[in-house]
Amino acid sequence: MKFDKISRFAKVSAVSLAMVLGLSSCSLDYVVGYVYVTTAKTGVINQYSIDFQSGALAPLGTPVQAGNNPVRLVASPTGQFVYVVNQGDSTVQEFAVQSNGTLISKNTYPTGKTPTAIAIDPQGKFLYVTFLYQTGTSGPGGVSIFPVNADNSLGTALTQPVGLNPVGVNVSYFNHFVYVLDQEPSPNAKILGFSQNTTTGALTPVPGTTVTGSGASTVTTGYAAGVTPSAIAEELTARFIYVTDQAANQLIGYTVQANGSLVPMINGPFSTGLFPIYLTIDPTGKLIYVVNYNANTVQGYAIDSITGTPSGSVGAFATPLGAGPTCVTIDPSLGTFLYTSDTLDNTVTGERLTPNTGALAAVQNSPFPAAGQPTCLTAVPNGSHASQIITP
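What you see is a predicted model; the values in this text were computed from it and never measured.

Rules used throughout
The residue numbers shown here count from 1 along each chain, following its written sequence. Thresholds applied to this predicted model are a pLDDT of at least 70 for local features of residues and 80 or more for the giving and counting of side-chain atom pairs; totals over whole chains, interfaces and linings are not thresholded and use all residues. For the side-chain quantities, the full set of heavy atoms in the structure was used; hydrogens and water were omitted. Scored between 0 and 100, pLDDT is the confidence that the predictor attaches to each residue. Between two residues, a contact is recorded if the distance between any of their heavy atoms is within 4.5 Å. Stacked, tilted and edge-to-face are the three classes assigned to paired rings of Phe, Tyr and Trp, where Trp is represented by its six-membered ring and a pair needs centres within 6.5 Å; plane angles under 30 degrees give stacked, over 60 edge-to-face, the rest tilted. To qualify as a helix, a DSSP run of H or I must reach at least 4 residues; to qualify as a strand, a run of E must reach at least 2; elements of each kind are numbered from the N terminus. We call a residue buried when its accessible area falls under 20% of the maximum for its residue type, exposed when it is over 50%, and partly exposed in between, using a 1.4 Å probe and counting protein chains only. A pair of strands is treated as paired once DSSP finds two or more bridges between them. Structural elements are reduced to axes, namely lines fitted to C-alpha atoms, with helices fitted over the stretch in contact, and the angle between N-to-C directions of any two is expressed from 0 to 180 degrees.

**As for the confidence of the model for the protein**
Predicted coordinates in regions of low pLDDT should not be interpreted in detail. Taken as a whole, the protein shows an average pLDDT of 88; of its residues, 87% reach a score of 70 or greater. Low confidence marks residues 1-28, where pLDDT is under 50. Its contacts with residues over four positions away, or in another chain, come to 18 contacts. Within the model, the stretch residues 385-392 combines pLDDT values under 50 with 23 contacts to residues more than four positions away or in other chains.

Structure (structure tokens):
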């Protein structure tokens, strides 16, 4: 009799715990999210589930076919759709996240020639894809602006010219600014700032940015972005922008003004490892992580809440990764697991992130195999969580 009561209590406790965690009570009880990794060699997306206790990745189903040379991807704000840039096909591909976490291809849409980067606004209304060449011309680069329909399909794209070599794009969280990273040869490497029309998604240059001329004769001015800028990110209050410079091994910080113009941080730029190629900011907006391709490391920085200055005192040590890391993402559900795509040894490295200190420790069984030369990755939560960060 006592055993029966204890058994019933244990069952009730287990169900209550699952409800607190926001997890289902089926076979996915211990899956807090999913990681999707694009690959250059095979053109597939490797799929994984994330164990909520250890952060370990488990293969999920079979790899899903993407297009030719998928290089970047982004999840919708709801985490229910993923959009992939296929550089070889000059397309963006829409995938739905099914209830078991696997992806299913829905639609494919043409972009400008040789797309390079992708971003979606926080409201999920517009998708921005930068590309190097406009159809039928040798230049300049541009951005395809897709309206996102209610069913997450994409409408007809509006095309706007930008710099000659756009390689990154960022959409602000709160103030409807869009920033395009133009990797023109030094001294012309720059950030181009735009205000977003919230009805059409169209872009209007902010003070300090100009786009004049047409076709190959297009001329732009913007904000200096080092020697060879490689990636761009914004912290969550939309007050600070950060750019990695792969040639000068540095992280450059900017303060966002009320009109969208940028002012370089007076105490920057900040040192990184060799060939910084990508960066991300954690879900709390307090930490930056930069992946250094040639150093095979990820490096953490704390963001000063007043000045935005990234301090290496938190993550000054460089954490070893697999060979040739190309991208970094942080699981949005817990905010405590960091993953990198390692293209030269076909792996995904997992690290446990300590939010209070920024320190990283290897996830159980990391690194994880990923066939086909991984190019980038993203993570989505398993189900809806009120805060998107839950504590087990």
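Following the structure, the description resumes.
**As for the packing of aromatic side chains**
Within this structure, the stated rule accounts for four aromatic pairs. Geometrically, the ring pair formed by Tyr 109 and Phe 146 is tilted, given 6.2 Å between the ring centres and 55 degrees between the ring planes. With Tyr 109 in strand E8 (residues 103-110) and Phe 146 in strand E11 (residues 142-147), the pair connects residues that are 37 residues apart, well separated along the chain. The buried category is assigned to Tyr 109, whose relative accessible area is 12%.

**Focus on the sheet that holds strand E10 (residues 126-133)**
Read across the sheet, four strands follow the order E9-E10-E11-E12 without closing on themselves; strand pairing throughout is antiparallel. One side of each edge strand has no neighbouring strand; the edge strands of this open sheet are strand E9 (113-120) and strand E12 (158-161). Shown here is a sheet whose adjacent strand axes are inclined to one another by a mean of 25 degrees, direction ignored. Here six bridges tie E9 to E10, and the two strands are oriented antiparallel to one another. In the strand pairing of E10, Ala 119 is matched with Tyr 128.

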